[in-house]
Amino acid sequence: DKTMLRKPADRSRRSLNWRIALPIFPIWGALIGLSAWYSWNTYQHQTQTLAQTTINAADIVAQQLQDTMQVAGMAVQILHNQAASHDMNAGLIAEIAKELRIDDVSLPQLDNLVFFDERGNLAAQSNKLPTPAVNVADREYFIYHQTHSDPDIRIDSPVISRASHRWVLPMTMRLNHPDGSFAGIAAVHINYDFLAEFYSRLNLGADSAIDIFLGNGTLLMRWPATSQVYGNDFSKSALFAAALRQGDQGSKTIGSPFDGTIRHYSIRKLGSYPIYVLAGASVDEAYTSWWSDTLAHAVFCILVASLISWFSVRLMQQIALRDRIELELSQANRALENMAMHDGLTGISNRRYFDIAAAETFNLAKRHGYPLAVIMFDIDYFKQYNDRYGHLAGDECLTRVAHAIGSVAGNRPSDIVARYGGEEFSVVLPSTDMRGAVRVAERVLAAVRELGIAHGVSPDGIVTLSAGVSALQPVRESDALDRLLTAADEALYLAKKSGRDRVCSTADLTART
């Protein structure tokens, strides 16, 4: 009877809800369309801005580098010509440097003018510091000029200058004796510190990058500075391949081989040198403002629609109030249940959760035939720790140890890490054999030792763990979780008995017997 009365009431409520909801749909449709149109237009604008920003940066860097290379090329040519008719010495190089106005103020992009004799010894330099005893006979550029007679200026891979101890880009030329034999090399070093400081002022964004390659794929420079990759061959990288395909200029959105960041690159090839300049801005960073703007616009549209619809929706909200209350109660119950499954002190799972989850995991392993490992951990001399440092320090110790265990042994969603009771912790590792579980346990012990928690009573002077490991591939009816836990507990006892701060497994138990 009540059911019969309730059915017409339900039908009436559904009909009423539809009459309330129907006028809202056209309003929402119009606002969604307006928001989508606005977002698309702002996206297009942001895309154009991103492209133009990287184009401008690439043009600036290419022009600045072109100018620097021309000045350096002129300097090394003058140095070469002077060396052909004079004995090169510090005074002559100083005169050349003064003529060219090569100093930290006029041409800070040049680090040094240097001359090396046929044995690779530094004979003279423009640097005002005393000429050190430097030899570059093992440098690639020296060996090249020593074995090749061509008179061209050579651009080499970046090196750390043995004279100034800074990263430099050497431009070099071969020097000959009157009989044509090898007399040494003249070199100009381009100052990387100046270039890096110049590129940092471009303000492309926090996650932007400037990459400069030789035509053969050698990385000449990168900003932000990553000197460990200077001179490496990136000819096989997708980024350099994209630069080659673009020719003298172009653009490409592609991942960086250095950090994996997706950037929009504008590419320029220097007119007089086989050098490619790539100025890239992070796509994610570039569209952050667009996302914020789109979100704000969407929120505004939702707010307008909500205000228009509020009076009509109000009645429907009242009808749905009971359902919401029931849902909230259900969610609250689930939250309470979740709290009941976690240890209030350490924040990891508690014994109750462990018993339930370990049983389910064991049954799955038994059903699918994969191995299962259990590790039992116990903090060494914990009672003495509490007695000496107090319970508050003991609680902090438990929390830090629990987090260390979880950081090593709880990396997979299926792994179970729980506080088993007191100072004991337990870990269940599905699809893990004995050897793998022992390795995990040893890593956990190392992680706890690295915490360096002082323990004046312990022989080691710090808090340590003992661990017992057992593993099983449950296939028989007689295989049970209790056996696995008991075996791990016995192995833990053996680890304690054997001196603590160690890992023992059921294999060690077998060896003892």
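Please refer to the structure placed before this passage.
Remember, predicted model here, so these are calculated numbers, not experimental data.

Student: Would you take a moment to explain the side chain of Asn350 for this structure?
Tutor: If you trace the backbone, Asn350 turns up in the loop between helix H8 (288–340) and helix H9 (351–368). For Asn350, a relative accessible area of 13% puts it in the buried group. The residues contacting Asn350, other than those within four sequence positions of it, are Ala340, Met341, His342, Asp343, Ala418 and Arg419.

Student: Would you mind showing me how to read the sheet that holds strand S9 (residues 249–255) here?
Tutor: Pairing between sheet strands relies on hydrogen bonds along the backbone, with the strands arranged either parallel or antiparallel. Strand order in the open sheet made by the five strands is S8-S7-S11-S10-S9, with antiparallel pairing throughout. Only two strands of the sheet have a single neighbouring strand rather than two, namely strand S8 (219–223) and S9. Averaged over all pairs of adjacent strands, the angle between their axes in this sheet comes to 20°, without regard to strand direction. By the bridge criterion, seven bridges tie strand S10 (residues 262–269) to strand S11 (residues 275–282) in an arrangement that is antiparallel. Considered in S11, the bridge of Lys269 is made with Tyr276. The strands touched by helix H5 (residues 192–200) within the sheet are strand S7 (209–214) and S8, with S8 carrying the most contacts at an inclination of about 45°. Contacts from helix H6 (residues 238–246) reach S7, S9, S10 and S11, with the element oriented near 160° to S9.

Student: Could you clarify how one ought to interpret empty space enclosed by the protein in this entry?
Tutor: Gaps left between atoms show up when a probe the size of a water molecule is rolled over them. For the coordinates displayed, the defined rule picks out two cavities of 30 Å³ or more. For the largest cavity, the calculated volume is near 60 Å³. A breakdown of the residues in the lining of the largest cavity according to their chemical character gives eight nonpolar, two polar and two charged. Size it by volume and the second largest cavity reaches roughly 30 Å³. Listed by contribution, the elements that provide at least two residues to the lining of the second largest cavity are H5 and S8. The residue makeup of the lining of the second largest cavity, split by class, is seven nonpolar, no polar and no charged.

Student: Where do I start with the packing of helix H11 (residues 391–409) against helix H12 (residues 434–451) in this structure?
Tutor: To describe two helices that pack against each other, one gives the angle between their axes and the distance between the axes. The geometry of H11 relative to H12 is characterised by a closest axis approach of 9 Å and an angle of 140° between their N-to-C directions. It follows that H11 is oblique to H12 by the angle criterion. The hand of the H11/H12 crossing is right-handed. Facing H11, whose interface residues are Arg400, Val401, Ala404, Ile405, Val408 and Ala409, H12 presents Val440, Arg443, Val444, Ala447, Val448 and Leu451. Looking at the contact of H11 with H12, its residues break down into ten nonpolar, no polar and two charged.

Student: Can you help me understand the pairing of strand S13 (residues 416–421) in this one?
Tutor: Remember that side chains alternate between the two faces of the sheet whenever the strand is regular. Burial within S13 is extensive, with five of its six residues counted as buried. Sheet topology places S13 next to strand S14 (residues 424–430); five bridges connect them, and they run antiparallel. Bridging from a neighbouring strand, Ile416 pairs with Val428 of S14. Counting the residues in the hairpin turn of S13 and S14 gives two residues, including Gly422, whose phi is positive at 60°.

Student: In this structure, what is going on with the pattern of salt bridges? I would like to understand it.
Tutor: Proximity of charged atoms lets side chains of opposite charge pair with each other. Applying the stated criterion to the full structure yields 18 salt bridges. In this structure, Asp117 and Arg119 form a salt bridge, with 3.8 Å as the shortest nitrogen-oxygen distance. Residue classification places Arg119 among the exposed residues on the basis of a relative accessible area of 53%. Linked through salt bridges whose partners overlap, the residues forming this network are Asp207, Asp211, Arg222, Asp259 and Arg263.

Conventions we followed
Residues numbered from 1 in each chain as written. Predicted model: local features only at pLDDT ≥ 70, side-chain atom pairs only at ≥ 80, totals over all residues. Heavy atoms only, no water. Helix = DSSP H or I, 4+ residues; strand = E, 2+ residues; numbered from the N terminus. Buried < 20%, exposed > 50% of the residue type's maximum accessible area, 1.4 Å probe, protein only. Contact = heavy atoms within 4.5 Å. Pairing = 2+ DSSP bridges. Axes fitted to C-alpha atoms, helices over the stretch in contact; angles between N-to-C directions. 1 Å grid on protein atoms, 1.4 Å probe; cavity = no way out; pocket = protein on both sides within 12 Å on 5 of 7 lines; lining within 4 Å. Points joined across faces, edges and corners; volume = space filled by probe spheres on them. Nonpolar A, V, L, I, M, F, W, Y, C, P; charged D, E, K, R; others polar. Parallel < 35°, antiparallel > 145°, perpendicular 65-115°, else oblique. Left-handed = near helix turned anticlockwise from the far one by under 90°. Salt bridge = Lys/Arg side-chain N within 4 Å of Asp/Glu carboxyl O.

From the geometry alone we can't say anything about function, so treat these as descriptive.
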